[in-house]
Amino acid sequence: MPLFQLVLVALIQGITEFLPISSSGHLILLPALTGLDDQGQVIDVAVHVGTLAAVVIYFWQDVRTGLIGLPRLACGHVDTEGARLALGLIVATIPTVLFGAALHFTGFSDALRSTAVIGWTMLIFGIVLYVADQKGASLKSAQDWGLRDALIMGLWQMIALIPGTSRSGITITGARQLGYTRTEGARIAMLMSIPTIIASGVLLGAEVAVEANTALMRDAAIAAVLALVSALAALSLMMRLLRSVSFTPYVIYRVVLGVVLLIVAYS
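Sequence order sets the numbering: in each chain, residues are counted from 1 along the sequence as written. Totals for whole chains, interfaces and linings use every residue, but because this is a predicted model, local features are given only for residues with pLDDT of at least 70 and side-chain atom pairs only at 80 or more, for both listing and counting. Hydrogens are left out, water is left out, and the side-chain values use all remaining heavy atoms of the structure.

Participant: Quick rundown of a nonpolar patch on the surface? Include the residues and the values.
Facilitator: Residues W60, L67, L70, I90, I94 and L98 make up a contiguous nonpolar surface patch of about 570 Å² in total accessible area. Contributing elements (two or more residues each) for the nonpolar patch: helix 4 (60–74) and helix 5 (81–106). For helices the rule is a DSSP run of H or I covering at least 4 residues; for strands it is a run of E covering at least 2, with both sets numbered from the N terminus onward. When you line up the elements, I94 lands in helix 5. Using a 1.4 Å probe on the protein chains alone, a residue whose accessible area is under 20% of its type maximum counts as buried, one over 50% counts as exposed, and one in between counts as partly exposed. Judged by its relative accessible area of 43%, I94 is partly exposed. Without a salt bridge and with relative accessible area above 30%, a residue can belong to a patch; like charges are then joined within 9 Å and nonpolar side chains (Val, Leu, Ile, Met, Phe, Trp, Tyr) within 5 Å. Reported accessibility uses the Shrake-Rupley method at a 1.4 Å probe radius. Residues are deemed covered only where the shown protein chains occlude them. A pairing counts as a salt bridge when a side-chain nitrogen of Lys or Arg comes within 4 Å of a carboxyl oxygen of Asp or Glu.

Participant: Give a description of the pattern of salt bridges that names residues and reports values.
Facilitator: All told, the structure shown has nine salt bridges when counted by the stated rule. One salt bridge in this structure joins R218 and D219, with 3.2 Å as the shortest N-O distance. For D219, a relative accessible area of 6% puts it in the buried group. Several salt bridges converge on common partners, so that one network encompasses D62, E184 and R187.

Participant: Please provide a residue-by-residue account of the packing of aromatic side chains, values included.
Facilitator: Between rings of Phe, Tyr and Trp, where Trp is taken as its six-membered ring, a pair exists when centres lie within 6.5 Å; planes separated by under 30 degrees are stacked, by over 60 edge-to-face, and by other angles tilted. By the definition in use, this model includes two aromatic pairs. Judged by centre distance (6.3 Å) and plane angle (45°), the ring pair of F247 and Y250 falls under tilted. Overall, the relative accessible area of 1% leaves F247 in the buried class. Accessibility expressed as a relative area gives 14% for Y250, which makes it buried.

Participant: Account for unusual backbone geometry, with residues named and values stated.
Facilitator: Positive phi is not limited to glycine here, since S22 has a value of about 75°. Assignment of secondary structure puts S22 in the loop between helix 1 (3–16) and helix 2 (23–34). Within the chain, S166 stands out as a residue other than glycine whose phi angle is a positive 85°. The topology assignment puts S166 in the loop between helix 8 (147–159) and helix 9 (167–177). The exposure class of S166 is buried, given its relative accessible area of 3%.

Participant: Break down helix 11 (residues 214–241) for me, citing the residues and quoting the values.
Facilitator: A helix's residues, less one, multiplied by 1.5 Å, set its expected span. Compared with the 40 Å implied by 1.5 Å per residue over 28 residues, the 41 Å span of helix 11 between its first and last C-alpha is a close match. Listed as buried for helix 11 are D219, A220, A223, A224, A227, S230, A231, A234, L235, S236, M238 and M239.

Participant: Before we move on, could you go through the packing of helix 7 (residues 115–135) against helix 9 and cite the residues and values that matter?
Facilitator: The axes of two packed helices give the description: the angle between them and the distance between them. Axis lines are fitted through C-alpha atoms, for helices just across the contact stretch, and the angle between N-to-C directions can take any value from 0 to 180 degrees. Orientation of helix 7 relative to helix 9, taken along the N-to-C sense of each, is 30°, at an axis distance of 8 Å. Our classification of the angle between helix 7 and helix 9 gives roughly parallel. Of the two possible hands of crossing, helix 7 and helix 9 adopt the one that is left-handed. Between helix 7 and helix 9, the contacting residues are F125, V128, L129, A132 and D133 on the first element and G169, I170, I172, T173, R176 and Q177 on the second. Reported orientations rely on four angle classes, namely roughly parallel under 35 degrees, roughly antiparallel over 145, roughly perpendicular from 65 to 115, and oblique for the rest. The crossing is said to be left-handed when, going from far helix to near helix, the turn is anticlockwise and less than a right angle, and right-handed when the turn is clockwise. In what follows, residue pairs with any heavy atoms lying within 4.5 Å of each other are defined as contacts.

Pasting the structure below:
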């Protein structure tokens with residue numbers, strides 16, 4: 001893959017993965033609107049590994065708490081903060097894994113990779129995010145996250161398998177609707193991305209392992225590092241901005257892009 005395209009793919013994935021504007025939608029649009037070749041699944045897996053590393057680094061204290069709680073959970077005890085967090089993340093991931101497997105093995109996921117679909121999801125779920133952000137209470141923190149809220153947010157996250165929806169955007173929408181503050185809702189949404197990215201990476205990685213060669217692995221390593229750096233920068237900026245700024249700027253971007261894509265798709 002040309003270095004320019006490799007850098008472009010990595011930056012798009014890294015910047016958009018944790019912002020509520022849909023990384024998958026932007027990656028699908030890149031070849032569709034520019035004429036560039038599709039980057040392929042190996043690069044997709046690589047940039048997802050990069051963004052996974054970014055969220056683990058940024059939220060390391062929470063990740064460490066969850067990891068410490070896993071042995072207690074495995075023994076059937078949900079009596080520590082870590083065990084409760086680990087159980088919540090598992091419960092929140094199950095709907096996405098089941099729905100994702102159904103889409104993948106039926107082949108229906110390919111039918112959703114269109115400019116029109118992305119245009120509609122950008123527009124509709126941008127408006128939904130705006131309503132939830134403006135109307136939602138700001139009462140709950142991450143310590144209030146129980147199994148009921150984990151399951152509800154997991155069902156919201158499941159919708160993100162439709163390109164253009166945005167995994168972070170739709171889970172933040174669910175969090176705001178449940179009454180979490182902007183920063184705490186975003187924090188939970190980012191933690192939810194960890195098992196989800198791992199699950200999708202395992203599924204795609206098993207399929208693309210046979211494609212591996214030296215040149216491709218070199219490209220994948222470059223893409224992963226660039227995605228890691230750009231994702232860390234975007235994540236840090238968003239979490240700082242959320243202390244004083246709403247999600248409205250992202251909503252405006254989504255609505256404008258959605259309208260443009262619908263014009264392109266139906267013209």
